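Per-entry structural report
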Amino acid sequence: MSVIWHADVVIIGSGLAGLSAAWHLRDQRVMVLSPSEEGGSSYLARGGIAAAIGNNDSVEAHVADTVRAGAGLVDRDVAEVLVREGMERMIDLFEMAIPFDRDAEGRLMLGREALHGRNRIVHAAGDDTGRQVTRAVREALMQDEARAPRFLPGRALELVVDEGRVCGVVFENAGQVGVVLAKGVLLATGGVGGLYQHTTNGPGALGEGMALAARVGARLADLEFVQFHPTALLAYVRPLPLLSEAIRGQGAMLVDGEGRAIMAGHPQGDLAGRDVVARALWARVGAGEAVFLDARAVPGFETQFPRAAEALGRLGLDAAQDLLPVTPAAHYHMGGVATDAKGRTNVPGLWAAGEVASTGVHGANRLASNSLLETMVFGARAAWDIGASTSALQTVSMTRIRELERAWSRGIEAAVDPGDVLERVGRTMWQFVGIERSEAGLIYAAQKLDGLRCEVGVYDPARLAIEAAQAIARAAHRRRETRGAHCRVDFPDRDPTLARRLFVQGGLASRVDEHPAVGATR
Ligand SMILES: Cc1cc2nc3c(=O)[nH]c(=O)nc-3n(C[C@H](O)[C@H](O)[C@H](O)COP(=O)(O)OP(=O)(O)OC[C@H]3O[C@@H](n4cnc5c(N)ncnc54)[C@H](O)[C@@H]3O)c2cc1C
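Residues numbered from 1 in each chain as written. Predicted model: local features only at pLDDT ≥ 70, side-chain atom pairs only at ≥ 80, totals over all residues. Heavy atoms only, no water.

1. Section: the sheet that holds strand E12 (residues 253-256)
What counts, and what does not: Paired strands are those between which DSSP finds at least two bridges. Secondary structure elements follow DSSP: runs of H or I of four or more residues count as helices, runs of E of two or more count as strands, with numbering from the N terminus. Angles here are taken between N-to-C directions and fall from 0 to 180 degrees, while the axes themselves are lines fitted to C-alpha atoms, restricted in helices to the stretch in contact.
As summarised here, the arrangement of the four strands in space is E11-E14-E13-E12, forming an open sheet in which the pairing is antiparallel. In the strand order of this sheet, the two ends are held by strand E11 (226-233) and E12, each with one partner. Pairs of neighbouring strands in the sheet enclose a mean axial angle of 50°, with direction left out of account. As paired elements, strand E13 (residues 291-294) and strand E14 (residues 324-333) share two bridges and run antiparallel to each other. Looking at E14, one finds that Phe-292 is bridged to Pro-325.

Given below as structure tokens:
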């Protein structure tokens, strides 16, 4: 017999989006469901948080950089919300006494990354920003015991819907099935990098939130836009350690096996956009060459990049002496569950925030370091909206709950080996739905993924990841142009008639629903 919990709000995912939302919902009974404390990308974030707080910076300048990076698809109004309210959310963080890096006079040290026109990246403990910030928010939440959320270990398997409203979630923990019933459900499940063979993302990033939402009729958007980071350390570990752009910013260079500079022919050299550098490396790797980051000239590598140095050390590498083998890797998903600027999806009772959501703020390519800001701004906004919604806890038929429990318990018992499934999904996505895509490759990928889906049962937890992968492959097939992070070798140019976001609804047998105006009608 399973456990049934009741809460005002259940938040699925304990990354920075989930925790930020919980912070703004302290007056409600909140449960945070997540398989582990540190499973998400928030703990791995390296570079920092972008915020227009420098003396020579402005909201307009940060918005302009965000819009430019998004290759014609950014919703400017939402970008403005991000930047303006981002500064307020930074004040929340400053009040939590996070050890942000400061100069000798105590001023915040502001760094710069690709496509930012100003120095505006705030970081903590060098390249350990994500962990420092996420832990601090979690600790702050736990300080007031009476108002702290309840953390529940578990993985969401299905959203409970009654009379068209999402009112809970079925989850699994160590083979046991449980249910949380709530007035509102917030998806904060992060990205999709784990669907790819090479990824910088943690083990939880399998697009499950997206698949859960699609199954209950939520609209998804911009799924084809997956950002590949050019320089992950090529190692036999998962996730791959990230060698951030800041390292190239300090003088490291991408080289081939003979030590020749790979980006020499490009006007911005090693600091060209992520998509450009990733494609240059993909071309070399495709031709059977090895590619390396040469960071030997970077001064004080260990002090500047302690997390990267630690990862290198574990593999017996030393940045001061060795060439570092690198590979591009799936890193960030610009698409996801379509929401408005309050985190609302089109399904009553369901909100989404953070990387799982698609608000239109990133367009076809995310501006580096805007995503931690996004988790805090839209986590807070979703929380306020949920808090203001007046719905009562719905009475759900216990017969139905028991049916769901039984079905999932049997499904889990009969489940296929998830490691094998994920490996097959990963290879297909990497090869055919990765950095370069083509008609033939995408059709092949769709067939492979369809075949895989047929191999697993309807109540097999691995099915969510397969469905998420299928949705991305279909979206990539539909967008017949090259834009931002989406590169179609058979349609190498940007198509002005496709300067719009593409939405999809109805799960896998989807009704194609395109909208002419960027950011319109959600
Ligand atoms: C290596 C790396 C470096 C990065 N560096 C930066 C940076 O410097 N600056 C920046 O702005 N961004 C950076 N990013 C991106 C940024 O970290 C993420 O976009 C952001 O942290 C996402 O936060 P989130 O709360 O939406 O998701 P996450 O932090 O990924 O959290 C998702 C949570 O959901 C849980 N979950 C998933 N599926 C389920 C399920 N079925 N049931 C229950 N729980 C589930 C996961 O276990 C996890 O707890 C980086 C990302 C990576 C991977």
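2. Side note on the pairing of strand E7 (residues 155-162)
Operational definition: Only protein chains enter the accessibility calculation, which uses a 1.4 Å probe; a residue is then buried when its area is under 20% of its type maximum, exposed when over 50%, and partly exposed in between.
Counting buried residues along E7, six of its eight residues qualify, which places the element largely inside the surrounding structure. Remark: two residues form the turn of the hairpin made by E7 and strand E8 (residues 165-173), two consecutive strands paired antiparallel; Glu-163 in that turn has positive phi of roughly 45°.

3. Here we look at the confidence of the model for the protein
We count it as follows: pLDDT expresses, on a scale from 0 to 100, how confident the predictor is about each individual residue. Note on contacts: a residue pair is in contact if any heavy atoms of the two residues lie within 4.5 Å.
Here the protein averages 92 in pLDDT, and 96% of its residues register 70 or above. Across residues 509-522, where pLDDT falls below 50, the model places 35 contacts with residues more than four positions away in sequence or in other chains.

4. Considerations on the packing of helix H12 (residues 418-432) against helix H13 (residues 439-455)
Here is the rule we go by: We call two directions roughly parallel when the angle between them is under 35 degrees, roughly antiparallel when it is over 145, roughly perpendicular when it lies between 65 and 115, and oblique otherwise. Each residue receives one of three labels: charged for Asp, Glu, Lys and Arg, nonpolar for Ala, Val, Leu, Ile, Met, Phe, Trp, Tyr, Cys and Pro, and polar for the others, Gly being one of them.
Direction vectors running N to C along H12 and H13 enclose 170°, while the axes themselves pass 9 Å from each other. For the element pair H12 / H13, the angle class is roughly antiparallel. Side by side, H12 and H13 meet where Val-421, Arg-424, Val-425, Thr-428, Met-429 and Phe-432 of the first sit next to Gly-441, Leu-442, Tyr-444, Ala-445, Lys-448, Leu-449, Leu-452 and Glu-455 of the second. Broken down by class, the residue content of the contact of H12 with H13 amounts to nine nonpolar, two polar and three charged.

5. Remarks on the site of the ligand
Stated formally: In these notes, residues near a molecule or strand are those with any non-hydrogen atom within 4 Å of it. Residues adjacent in sequence count toward polar contacts only when both atoms are side-chain atoms; beyond that, a polar contact is any pair of N or O atoms within 3.5 Å, and within protein one must be able to donate a hydrogen and the other to accept it. Values of accessible area rely on a 1.4 Å probe in the Shrake-Rupley scheme; residue burial ignores everything except the protein chains shown.
Around the ligand, the surrounding shell holds 38 residues, and the nearest of these are Ser-42, Gly-47, Gly-48, Glu-208 and Glu-355. At 2.8 Å from a nitrogen atom of the ligand is found a side-chain nitrogen or oxygen belonging to Ser-371. Taken by itself the ligand offers 1,000 Å² of open surface, and the protein chains cover 98% of this. For the shell around the ligand, the secondary structure elements donating two or more residues are helix H1 (16-23), strand E2 (30-34), E7, E14 and helix H10 (370-388). If you tally residues by element for the shell around the ligand, the top one is H10, at four residues. Considering only residue class, the shell around the ligand consists of twelve nonpolar, 21 polar and five charged.

6. Notes on the nonpolar core
Counted only if it meets this: For our purposes a nonpolar core is just a set of buried Ala, Val, Leu, Ile, Met, Phe, Trp, Tyr and Cys residues, chained together by side-chain atoms within 4.5 Å.
Counting residues in each nonpolar core, the largest one holds 61 residues, and the members touching the most others are Leu-195 and Tyr-196. When residues in this core are grouped by element, the largest group, eleven residues, is from helix H14 (residues 462-478). Every residue in contact with Tyr-196, bar those within four places of it in the chain, is listed here: Val-226, Phe-228, Arg-238, Ala-330, Gly-426, Met-429, Trp-430, Val-433, Gly-434, Arg-437 and Ile-472.

7. Considerations on the pairing of strand E18 (residues 502-505)
Here E18 shows two buried faces, one formed by Leu-502 and Val-504 and the other by Phe-503 and Gln-505. Where strand E10 (residues 220-221) lies against E18, two bridges are found, and the strand directions are antiparallel. Counted as the bridge partner of Ala-221 is Phe-503 from E18.

8. Thoughts on the environment of Arg-400
By the secondary structure assignment, Arg-400 is in helix H11 (residues 398-413). On the basis of relative accessible area, Arg-400 is assigned to the partly exposed category, the value being 30%. Each C-alpha atom of the pair Arg-400 and Asp-162 lies 9.8 Å from the other, and the pair is 238 residues apart in sequence.

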